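Structural features, examined
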Amino acid sequence: MGVLDKEFLQENFVVSNLDAVLKWARVASVWQTTFGLACCAIEMMATSASHYDFDRFGLIPRPSPRQSDLLIISGTVTLKMASRIKRIYEQMPDPKYVISMGSCSNCGGPYWEHGYHVLKGVDRVIPVDVYVPGCPPRPEALLEGLLKLKEKIANESLIKSA
Amino acid sequence: MTNIIESKLKTDEMVLNMGPQHPSTHGVLRVELKLDGEKIVKADSHIGYLHRCFEKHCEAMTYPQIIPYVDRMDYLAAMSNELGYVLAVEKLLKIEIPERVEYIRVIMAEFQRIASHLVALGTFGLDTGAFTPFLYTFRDREKILTLFELTCGARLLYNYIWVGGVSHDLHPDFIRLAKEFIEYFRPKVVELNELLTYNKIFIERTANIGVLPPELAINYGVSGPSLRGSGVKWDIRREDPYSIYDMFEFDIPVGEGLAGTTGDCWDRYYVRILEMEQSLRILEQALDQIPEGDVSAAVPKRVKPIDGISYARVENPKGELGYFIISKGGLQPFRVKVRPPSFVNLSVFSEIAKGHMVADVVAILGSLDIVLGEIDR
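The present account deals with the structure reproduced in this document. As the structure is a computational prediction, the values presented were derived from the model and not from experiment.

**Some thoughts on the interface of chain B and chain A**
Taken together, the contact between chain B and chain A spans 32 residues of the former and 34 residues of the latter. Of the roughly 3000 Å² buried between chain B and chain A on both sides combined, carbon and sulfur atoms contribute 65%. Where chain B touches chain A, the interface holds two salt bridges. Notably, a salt bridge pairs Glu149 of chain B with Arg138 of chain A, separated by 2.9 Å at the nearest N-O pair. Across the chain B-chain A interface, the total number found is 15 residue pairs in polar contact (both at pLDDT 80 or more). Contributing elements (two or more residues each) for the side of chain B that touches chain A: α2 (54–60), α5 (99–127) and α6 (132–152) of chain B. Of the residues forming the side of chain B that touches chain A, the biggest block, seven residues, is contributed by α6 of chain B.

**Let's talk about the nonpolar core**
Core analysis: the largest hydrophobic core is formed by 147 residues, its most contacted members being Tyr85, Phe111, Tyr160 and Phe349 of chain B. A total of 14 residues in this core trace back to one element, the largest contributor, which is α5 of chain B. Leave out the neighbours within four places in its chain, and Phe349 of chain B touches Val31, Ala43, Ser45, Val361, Ile364, Leu365 and Leu368 of chain B. With 17 residues, the next largest nonpolar core counts Leu70, Val130, Leu146 and Leu149 of chain A among its residues.

**Here's the deal with the packing of aromatic side chains**
Residues and elements named next belong to chain B. Summed over the entire model, instances satisfying the criterion amount to 18 aromatic pairs over all chains. Measuring from centroid to centroid gives 6.3 Å for Phe111 and Phe174, while their planes differ by 90°, and the two rings are edge-to-face. Taken together, the positions of Phe111 in helix α5 and Phe174 in helix α7 (residues 174–197) put the pair 63 residues apart, joining distant regions of the chain. Side by side, Phe111 and Phe174 carry an identical accessibility label, which is buried. Taking the centre distance of 5.8 Å and the plane angle of 40° together, the rings of Phe124 and Tyr269 count as tilted. In this pair, Phe124 is assigned in helix α5 and Tyr269 in helix α12 (residues 265–289), connecting sequence segments 145 residues apart.

**Focus: the sheet that holds strand β8 (residues 335–339) of chain B**
Residues and elements named next belong to chain B. Spatially, β6-β7-β8 is the arrangement adopted by the three strands of the open sheet, whose pairing is antiparallel. Each having just a single partner strand, β6 (308–315) and β8 make up the two edges of the open sheet. Sheet twist, expressed as the average angle between the axes of neighbouring strands with direction ignored, equals 15°. The pairing of strand β7 (residues 320–327) with β8 spans five bridges and is classified as antiparallel. The residue bridging Ile326 from the neighbouring strand is Arg335, located in β8. Most of the contacts of helix α4 (residues 78–93) go to β6, to which it runs at about 150°, and overall it touches β6 and β7.

**Digging into the packing of α5 of chain B against α7 of chain B**
Residues and elements named next belong to chain B. Contact geometry for α5 and α7: axes closest at 13 Å, N-to-C directions at 25°. The angle between α5 and α7 places the two elements in the roughly parallel class. α5 and α7 meet at a crossing whose hand is left-handed. From α5, Ile107, Met108, Phe111, Ile114, Leu118, Leu121 and Gly125 reach across to α7, where they touch Phe174, Ala178, Phe181, Phe185, Leu192 and Leu196. Here the contact of α5 with α7 is composed, by residue class, of twelve nonpolar, one polar and no charged.

**Points about empty space enclosed by the protein**
Residues and elements named next belong to chain A. This model, assessed by the stated rule, comprises five cavities of 30 Å³ or more. The calculated volume of the largest cavity comes to roughly 80 Å³. Around the largest cavity, the lining is made up of 14 residues, and of these Cys39, Cys40, Cys104, Cys135 and Pro136 lie nearest the centre. Counted by class, the lining of the largest cavity contains seven nonpolar, five polar and two charged residues.

**Quick look at the layout of surface pockets**
Vacant regions in the atomic arrangement are exposed by a probe of water-molecule size rolled over the atoms. By volume, the largest pocket is sized at about 920 Å³. Along its surface, the largest pocket is lined by 38 residues, and Thr34 and Met45 of chain A together with Pro23, Leu126 and Phe134 of chain B are the ones closest to its centre. Elements supplying a minimum of two residues to the lining of the largest pocket: α2 (39–48) of chain A together with α5 and α6 of chain B. Per-element tally for the lining of the largest pocket: the top contributor is α2 of chain A, with five residues. When grouped by side-chain class, the residues that make up the lining of the largest pocket number 23 nonpolar, eleven polar and four charged. By volume, the second largest pocket amounts to about 350 Å³. For the second largest pocket, the lining is made up of 14 residues, of which Ile88 and Gln91 of chain A together with Gly19, Pro20 and Gln21 of chain B are closest to its centre. Top contributing element to the lining of the second largest pocket by residue count: helix α3 (residues 79–91) of chain A, with five residues. When grouped by side-chain class, the residues that make up the lining of the second largest pocket number five nonpolar, seven polar and two charged.

Rules behind the numbers
Residues numbered from 1 in each chain as written. Chains lettered and ligands numbered in written order. Predicted model: local features only at pLDDT ≥ 70, side-chain atom pairs only at ≥ 80, totals over all residues. Heavy atoms only, no water. Contact = heavy atoms within 4.5 Å. Buried area = accessible area lost by both parts, 1.4 Å probe. Salt bridge = Lys/Arg side-chain N within 4 Å of Asp/Glu carboxyl O. Polar contact = N/O pair within 3.5 Å; in protein donor to acceptor, adjacent residues only side chain to side chain. Helix = DSSP H or I, 4+ residues; strand = E, 2+ residues; numbered from the N terminus. Core = buried A, V, L, I, M, F, W, Y, C linked by side-chain atoms within 4.5 Å. Buried < 20%, exposed > 50% of the residue type's maximum accessible area, 1.4 Å probe, protein only. Phe/Tyr/Trp six-rings, centres within 6.5 Å; stacked < 30°, edge-to-face > 60°. Pairing = 2+ DSSP bridges. Axes fitted to C-alpha atoms, helices over the stretch in contact; angles between N-to-C directions. Parallel < 35°, antiparallel > 145°, perpendicular 65-115°, else oblique. Left-handed = near helix turned anticlockwise from the far one by under 90°. Nonpolar A, V, L, I, M, F, W, Y, C, P; charged D, E, K, R; others polar. 1 Å grid on protein atoms, 1.4 Å probe; cavity = no way out; pocket = protein on both sides within 12 Å on 5 of 7 lines; lining within 4 Å. Points joined across faces, edges and corners; volume = space filled by probe spheres on them.

Put into structure tokens, the structure is as follows:
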């Protein structure tokens, strides 16, 4: 650890700009709403469990959308569920991000043609930041999606320039 | 003193909606609870949040095309779903299946049973407040998924068991690795027992909670571990053997009320643990006896059964899964009706949740082990 094992002669100041500090904090702790929809939720659970271990990327599942930054839409969104998903999304505090996991939430997936009760893509009700393809996506694919999201967070600024 | 306070205190019934976004409803189930204080007066479950039009799809797809949709019903036990569907189609076609295929199917179904039970036990631990067992069960489940991946390339939804056979033969290493897994997994069941089963807090949360009397279970048509937890010895593998299950020796564990009353949440949980051991027994026998041979029967590329109806039922990890198929001689079935175990098992929920606390709802739902993909279809 570059900084921590050095002894500071005077008081321990680190000089940085606010933007960098905020980004560092935001990228390192993306909290996710515990919300499973269908098959993909099982792969999401597998990603968060022992073998793939989400936590090492700073992703902690939170039971309430009001405490979380990230919503992973993991599964088929039906018409009955769509309004509830919108409501869950609206309960999240800004800045908030959405990963659409799997073909179903990307575009309707295998239910595209005959699924009269399936929403053809969750992006019709809420904005999506990262799409993860697959039916269901492997845990590695979800992790890749997460890293892409982190890239996105690292490239945006919360500071308003004058 | 208490009497006076109670008579003066006027309380209203409160309606509490649990779900569809709730960490412990095992998917998108909404439970409408009518509460008197913290006691449940009435519990209604509202379903349909994951209705994916399975039966409609079946009318538009050819017989082999339906298999991937069958996977996505009970997504924790895709292999077992495929087996049931394929058996029903094969009944219509009246074809002979090579012996090796039957063995492969049984091996896959039993591995799937263990994998599904591991998820059920792990998440049941989560529901009752124990996080660690979840990590342990998922560690072991990953090993089964690796075996499946070796066989057909997929981790969760396989499309492996086909009409008249299976899509690929087993990998040359499969039998060795499967045997290694059985060796590895035996002591892990003991570990899980030490972690969770005999844990005092866990027993307090689950014993004498949600007692399902055997008569009630039978009247509601409950099946699978939930029925056997009530002490009823009923298993399709024994009562109405399909595939080659009549060739194997195994016991049917039933709940005995070791921690509390027979048929409580703990019993339903414990039956699953015992069933995993029985599955290991079946697997050992099947892996030893598996013959060489073809992995697909002579089935025409275009599966086109004659007019007729067929019904096949299998013992899924969740219970009795049945497929009713009507064929009118075309490439597509005229109608496919599913008898899902989770849907029937959920129907008993409002009956047994009455009079319990809100926190017990979670335990009861977890012990019934429902999958919403199968309930809503």
